[in-house]
Structure formats: structure tokens, C-alpha cells
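In case you want the letters, here they are:
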Amino acid sequence: MNQPSPDAIAGLMAQADELAMRGQHQAAASTWQRVLDLRPDHAQALNHLGTLAMNRGELQLAQDHFTRAIASDPKFAMPHANLSRLHSLRGDRAAALKAIDGAITAEPTAWGPHFEKARLLEAEGRRQQAAMSWSRMLSYIPEPVANSPQAQPWVNQAREAVK
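All of these numbers come straight from a predicted model, not from anything done at the bench.

Colleague: What's the story with helix 1 (residues 6-21) in this structure? I'm lost.
Modeller: Since the α-helix turns once every 3.6 residues, residues separated by three or four places project in the same direction. Taking 1.5 Å per residue as the helical rise, helix 1 with its 16 residues ought to reach 22 Å, and the 22 Å between its terminal C-alpha atoms agrees with that figure. What helix 1 keeps buried is the set I9, L12, M13, A16 and L19. End-on view of helix 1: buried residues confined to an arc of 125°, all on one side of the axis. Exposed and oriented more than 90 degrees from the buried face of helix 1 are P6, D7 and M21. G23, located one to two residues past helix 1, shows a positive phi value of around 85°.

Listed below in C-alpha cells is the structure:
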């Protein structure tokens, strides 16, 4: 059986991303599925399909996609983070923390997973541990993001927590 070329996969991924950015989610999903037809372990396509499923409320399908993406590429942080969000939606903070730790392991200097972990820890009343995560978030967040108006509420929350 012929292996699909990396260029063919990349072209389909770019096409799906463009469709998603235009709000054509069903067409994007069909294109990501075509990627999976060619390469069933494509972690990015699995992650995108998981995100769409989660947004539709199809949580078990989303979990299946995220779990397959993680198995395919354990160093890809996004499916870990998305799995954490899914567990949060279900109210399972312990599983959400475990999944966000997977994202941090995959990409230790990404500020987003530290932000998510801090919020999860604060929700459990674990303020000292949350402060450590807030501190890491502040040290990794790019300055333009930290200074953006949208980020100010949680950047201020993080600064307050680490005082």
C-alpha cells in the first residue's frame, strides 16, 4: 500500500484549518477525517476533531479523539490540555489536573497549561500550589500577550496570587 505523501497530508491540514477559520466546521471535520483515512494516527487531526466534538457536547467522542492523539504523539501538548478541559466540563478535577500535567510535561514552558493548572488548583482551595503555577505562567507568558487587554484580568489574578 502506498503511503500518502507528507505534502498531501499538509495540504489537507491547511485546507481544514482554513475551512475552520471561516466557520465551516462540518467541511473542516470532513477534511480532517480524510487526513485520518490516510493516516489514522495523525495527532493534529485527531485533536481538531476532538475539539469539534467537545464543542458539540459529544464528550465521549471527544475523549476518544484526544486519547488517540496523545497515544500517537505524547509530546503534543494540546490534546492533553483539551482532555483536561473535557474533564473539567465533567466536573472531574482530579482527572483534569492529571491531564494538564501531561500538557506541562509535553511542553514545560508553555504558559497556557500553567494557567489552567493554577485555576484548577485554586478551585480546590490549594492556593499555595496554585501560586506556584501562576508564577510559572507569569514567567513564560509572552509580554505582548500579558499586556493585552483581554489578558489583564487573569494576569492581575496571577500577580495577586504570587505576592
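Colleague: I keep staring at the pattern of salt bridges and nothing clicks. Help me out?
Modeller: Any two side chains of opposite charge can pair, so long as their charged atoms come close to each other. Going through the model one piece at a time under the given rule, you end up with seven salt bridges. The partner of E18 in a salt bridge is R22, with the nearest N and O atoms 3.4 Å apart. Overall, the relative accessible area of 35% leaves E18 in the partly exposed class.

Colleague: Help me understand helix 2 (residues 25-38), please; the structure alone is not making it clear to me.
Modeller: For helix 2, which comprises 14 residues, the first-to-last C-alpha distance of 20 Å matches the rise-based estimate of 20 Å (1.5 Å per residue) to within 8%. Looking at the buried residues of helix 2, the elements they touch are helix 1 and helix 3 (43-55).

How each quantity is defined
- Residues numbered from 1 in each chain as written.
- Predicted model: local features only at pLDDT ≥ 70, side-chain atom pairs only at ≥ 80, totals over all residues.
- Heavy atoms only, no water.
- Helix = DSSP H or I, 4+ residues; strand = E, 2+ residues; numbered from the N terminus.
- Expected span 1.5 Å × (residues − 1).
- Buried < 20%, exposed > 50% of the residue type's maximum accessible area, 1.4 Å probe, protein only.
- Arc of directions from axis to C-beta.
- Salt bridge = Lys/Arg side-chain N within 4 Å of Asp/Glu carboxyl O.
- Contact = heavy atoms within 4.5 Å.

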